[in-house]
Amino acid sequence: MRAFDINNEDSLIVRDNKIVANVGGQELVFDIEAVNKLVVYTTCMGPLHDDMGLIIHISGDTTIEIMSGHECYESFLFDGLGKALPIDYKKIVEASGCTKSKMFVIYKKDSYDFPFADGPHAVCMTCRHVLEEHNPIRFVFHDKDSWQFHCGEVHETIDARMVSLDEILHIDDNMKFFANLECGDYAEMDEETGEWLISHDYYPEDEEYDEDDEYGEDDEYDEDEEDDEPSSEKAHRTASSCESKLEITLEDGEIVVSGSLDLGYIGIFEDEQIELDDTLEEIREWDIVTENLDEDCTDEEIIEFLNQYFNSFADRITQNIDNINGTFLLYVFDDMINMETDFREIEELYIEEKNYFASEMDISEIYKVSGQALSPLAVYFESPNDGSVPKGHIETVLRACFPMFDLDCFIENIEPECIGLGDGEISFQCSDSFDELILCGAYAVIDEDLSFSDWHNF
C-alpha cells in the first residue's frame, strides 16, 4: 500500500478531472474515477483548531492525506473534488463542529466492495489507545462472534471501545488484508520489523472449545430443534405470526374497527385494542380524505376508503417489518442508555456469563462503552422505514453491543396496549411485563413513510 502525506511544501489540486499531487518534488497523477472513498476525520482538539484531515482512498491501495490547515485543503476539497464527485456536504459541516475523534465518510463509490463478509456495520472491538490516542493497530483477532483490533497491550475493561468494521478501515485501511482471517486465528505485528505473524487457535487453554462440537458437555442436544435458525429469526417469526387485516364498519352512525394489526416486535393488536376516535364529520376534514374523495362523498364511500387505506398501510408495515423492528429497538435502547436503566436487576433479562465487564462496574460505565457503537445509528431515528433506508443491521449492532441483555426474552415480554388510526398515521402504545421497568406506555406515531415520530416512554 502507498500512503502519501501532503506537507506544507507540497501541493494537491484537481486539474482536468485528475488529482495532481506534488509530494517531495514528485508529481503524482490519478484519475478522479479511481477515487473509491473520501473520509474526513476529526480529533478531540475541537473545531477552533486545524485538527481536521481528509483521506483520499484511491484504487490500487493508495491513500493521500491532507490536513485542514494546508493552504490547498479548501480549494482541493470544495472547488476540486466538490465539482467532480457527489460529496456529502452535510457530513463535512457535521465534522467541522465535532469535538471528538471521529470519521466521516463524505463519498464512497457505489462499486466499492467491502472486504469483510460481516459487512461494514458489523460491530467490532478496539481500544481507547487506537481510537482516541491514535496508536497503531498491532493485534487482530477473529473471535467466534466478532473481531478485535487493538494496540497489542494488556487492557482493562474500561479501555474497550466498540466501533464498526467500516470505521476500523477508516483508521487503518491495511486491516482489509485480514478479512479472510479464519475464526480463532489472530495476527500480531512485530514492533521491530513491522511484519505481521498469523497464528491459530487463540482461545485460552482453560476454555473448552471444540470447533467440531457446537455443544459443551453440559448441553443437551435436541435433534428436532431447528438450530440453524438464529434466535432473532425465531423471535421475529413469533412476533409476525398473524396476518394484518382491518375491518372498519359503520354501525348506527358509529365507526367500529375490528381485526388485527401486526407491528412485529411491538406486538399484535386486535379488535378493541384498535381505536379510531374521530367522528365521521371530523374524518371528512382529514387530509387523506379531502385529497382522495369528493367533498360530497357518502359515508359509505368514506368507510370503503378507510378500509382500503389502512389495510394498504398495514401491508406496507408487514413488507418493511425489519425496519420497523430495528427503529423500535433503537428507541428502546436509547431510552435505557439515557435513563441508565440497570437491566442487570431484571433476572430474566440478564445473561451474566455474557457480561464481559466487571460485575461491580456501574451501569453508566457499561452504557458509556457499549453505547459508543450506537452513535452512528443516530441518523436512523426519524428516517423512513419504507425500505428507502435499509435498517436491517440495527438489531445486529444492538445484539453485539449488549450480549448480556437477553433481547429475545425482552421481545417476548412486550405487551401491546392500543393502536390509534389517524389522518395519514397509525400510533401505538406498549409496555413490558417486567413491572414496566423498560417500557411504560411507550408511544410513537408511524407516519405514511413508516418513520417514527413523537416517541415518548414513561
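The rules behind these values
Residues numbered from 1 in each chain as written. Predicted model: local features only at pLDDT ≥ 70, side-chain atom pairs only at ≥ 80, totals over all residues. Heavy atoms only, no water. Pairing = 2+ DSSP bridges. Helix = DSSP H or I, 4+ residues; strand = E, 2+ residues; numbered from the N terminus. Axes fitted to C-alpha atoms, helices over the stretch in contact; angles between N-to-C directions. Contact = heavy atoms within 4.5 Å. Salt bridge = Lys/Arg side-chain N within 4 Å of Asp/Glu carboxyl O. Buried < 20%, exposed > 50% of the residue type's maximum accessible area, 1.4 Å probe, protein only. Core = buried A, V, L, I, M, F, W, Y, C linked by side-chain atoms within 4.5 Å. Nonpolar A, V, L, I, M, F, W, Y, C, P; charged D, E, K, R; others polar. Phe/Tyr/Trp six-rings, centres within 6.5 Å; stacked < 30°, edge-to-face > 60°.

**Q** With reference to specific residues and values, describe the sheet that holds strand β17 (residues 268-270).
**A** Judged by pairing direction, the sheet is antiparallel, and its 3 strands sit side by side in the order β15-β16-β17 without closing on themselves. Strands with a single pairing partner mark the edges of an open sheet, and in this sheet they are β15 (245-251) and β17. On average, each strand axis in the sheet is inclined to that of its neighbour by 15 degrees, with strand direction left out of account. Sheet topology note: the β15/strand β16 (residues 254-262) ladder contains 7 bridges and is antiparallel. Its bridge partner lying in β16, Leu246 is registered against Gly259. The strands touched by helix α8 (residues 299-319) within the sheet are β15 and β16, with β15 carrying the most contacts at an inclination of about 165 degrees.

**Q** So what about the pattern of salt bridges? Which residues, and what values?
**A** Evaluation of the coordinates by the stated rule reveals 8 salt bridges. A single network of salt bridges, built from pairs that share partners, joins Glu395, Arg399 and Asp408.

**Q** For unusual backbone geometry, give the residues involved together with the corresponding values.
**A** Of all residues except glycine, most have a negative phi; of all peptide bonds, most are trans. Its identity is not glycine, yet Glu340 carries a phi of approximately 50 degrees, on the positive side. Residue placement: Glu340 occurs in the loop between α9 (321-339) and α10 (363-370). Take Glu340: its relative accessible area is 44%, and that puts it in the partly exposed class. Despite not being glycine, Asp435 has its phi angle at roughly 55 degrees, a positive value.

**Q** Could you give an account of the sheet that holds strand β20 (residues 425-432), naming the residues involved and the relevant values?
**A** What links the strands of a sheet is backbone hydrogen bonding, and the strands pair in either a parallel or an antiparallel sense. Here 5 strands make up an open sheet; going across it, the order is β18-β19-β20-β21-β22 and the pairing mixed. This sheet does not close on itself; its edge strands, each paired only once, are β18 (274-275) and β22 (452-456). Note that β20 and strand β21 (residues 442-446) share 5 bridges and pair antiparallel. Bridge pairing in β21 places Ser427 opposite Val445. Of the strands in this sheet, β19 (414-422), β20 and β21 touch α8, which is tilted by about 55 degrees from β20. Most of the contacts of α9 go to β22, to which it runs at about 30 degrees, and overall it touches β19, β20 and β22.

**Q** An account of the nonpolar core is requested, with residue identities and associated values reported.
**A** In this structure, Phe328, Phe405, Phe410, Phe428 and Leu439 are the most contacted members of the largest nonpolar core, which totals 77 residues. Ignoring anything within four residues of it in the chain, the contact list for Phe410 reads Leu329, Val332, Leu349, Phe405, Phe434, Ile438 and Leu439. Grouped together as the second largest cluster of nonpolar side chains are 32 residues, Phe30, Ile92, Phe104 and Tyr107 included.

**Q** Tell me about the packing of α9 against helix α11 (residues 394-401), and please be specific about residues and values.
**A** With their axes 8 Å apart at the nearest point, α9 and α11 run at an angle of 35 degrees to one another. Counted together, Gly326, Thr327, Leu329, Leu330 and Phe333 of α9 and Ile394, Glu395 and Leu398 of α11 form the full contact between these two elements. Looking at side-chain class alone, the contact of α9 with α11 contains 5 nonpolar, 2 polar and 1 charged residues.

**Q** Tell me about the packing of aromatic side chains, and please be specific about residues and values.
**A** Per the counting criterion, the structure on display carries 20 aromatic pairs. Their ring planes at 15 degrees and their centres at 6.0 Å tell us that Tyr331 and Phe452 sit as a pair that is stacked. Remark: Phe452 occurs in strand β22 and Tyr331 occurs in helix α9; sequence separation between them is 121 residues.

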